[in-house]
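# Architecture at a glance
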Amino acid sequence: MKKLKRILALAGVLLLLGLYASTLVTALMDSPQAGNWFKASIACTIGIPVFLYACILVHRWMKK
């Protein structure tokens, strides 16, 4: 179980780094859809960690 947690934590870190990179790339792009992609990237950068934290809280609550 401990190894699975480490793997999932590493996957989460890589996902966040990818989201930060995509936010930077879309901020520097010069295309008509860049604004929409930037907004989606910012929303995912905020929303995904919040969702994962909520899942962790629910898991702890259900475990008790």
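Given the structure is predicted, the values throughout are model-derived calculations rather than measurements.

Taking 1.5 Å of rise per residue, the 30 residues of helix H2 (residues 34-63) would be expected to cover 44 Å, and the 43 Å separating its terminal C-alpha atoms lies within 8% of that figure. Taken together, the buried positions of H2 are Ala-34, Ser-41 and Thr-45. On its buried face, H2 sits against helix H1 (2-28).

Turning our eyes to something else, we now look at the side chain of Thr-26. Its location among the elements puts Thr-26 in helix H1. A relative accessible area of 11% places Thr-26 in the buried class. Apart from residues lying up to four places away in sequence, Thr-26 is in contact with Ala-34, Trp-37, Phe-38 and Ser-41.

Take a positive patch on the surface next. A cluster of basic side chains, namely Lys-5, Arg-60, Lys-63 and Lys-64, defines a positive patch on the protein surface. Counting through the fold element by element, Arg-60 comes out in helix H2. The class for Arg-60 is exposed, based on a relative accessible area of 54%.

Another point: the packing of H1 against H2. For the pair H1 and H2, the least separation of the axes is 9 Å and the interaxial angle reads 155°. As summarised for this structure, H1 and H2 are arranged roughly antiparallel, according to the angle between their axes. Here the hand of the crossing between H1 and H2 comes out left-handed. Counting all contacts with H1, which are made through Leu-15, Leu-16, Leu-19, Tyr-20, Ser-22, Thr-23, Thr-26 and Ala-27, the residues of H2 involved are Ala-34, Trp-37, Phe-38, Ser-41, Ile-42, Cys-44, Thr-45, Ile-48 and Pro-49. Grouping the constituent residues of the contact of H1 with H2 by class yields twelve nonpolar, five polar and no charged.

To continue, consider H1. An α-helix turns once per 3.6 residues; consequently, residues spaced three or four apart project the same way. The end-to-end C-alpha distance of H1 is 40 Å, a good match for the 39 Å that 27 residues give at a rise of 1.5 Å each. Turning to H1, its buried residues are Leu-19, Thr-23 and Thr-26. Each element contacted by the buried residues of H1 is listed here: H2.

Per the stated rule, a full pass over the model turns up zero disulfides. Cys-44 takes part in no disulfide bond, and the closest cysteine sulfur to it belongs to Cys-55, at a distance of 15 Å. Exposure remark for Cys-44: the relative accessible area of 33% places this residue in the partly exposed category. You can call Cys-55 partly exposed: its relative accessible area is 37%.

Analysis parameters
- Residues numbered from 1 in each chain as written.
- Predicted model: local features only at pLDDT ≥ 70, side-chain atom pairs only at ≥ 80, totals over all residues.
- Heavy atoms only, no water.
- Helix = DSSP H or I, 4+ residues; strand = E, 2+ residues; numbered from the N terminus.
- Expected span 1.5 Å × (residues − 1).
- Buried < 20%, exposed > 50% of the residue type's maximum accessible area, 1.4 Å probe, protein only.
- Contact = heavy atoms within 4.5 Å.
- Patch = residues over 30% accessible without salt bridge, like charges linked within 9 Å, V, L, I, M, F, W, Y side chains within 5 Å.
- Areas by Shrake-Rupley, 256 points an atom, 1.4 Å probe, with all protein chains shown as cover.
- Salt bridge = Lys/Arg side-chain N within 4 Å of Asp/Glu carboxyl O.
- Lys, Arg positive; Asp, Glu negative; His and termini not counted.
- Charge placed at Lys NZ, Arg CZ, Asp CG, Glu CD.
- Axes fitted to C-alpha atoms, helices over the stretch in contact; angles between N-to-C directions.
- Parallel < 35°, antiparallel > 145°, perpendicular 65-115°, else oblique.
- Left-handed = near helix turned anticlockwise from the far one by under 90°.
- Nonpolar A, V, L, I, M, F, W, Y, C, P; charged D, E, K, R; others polar.
- Disulfide = S-S within 2.5 Å.

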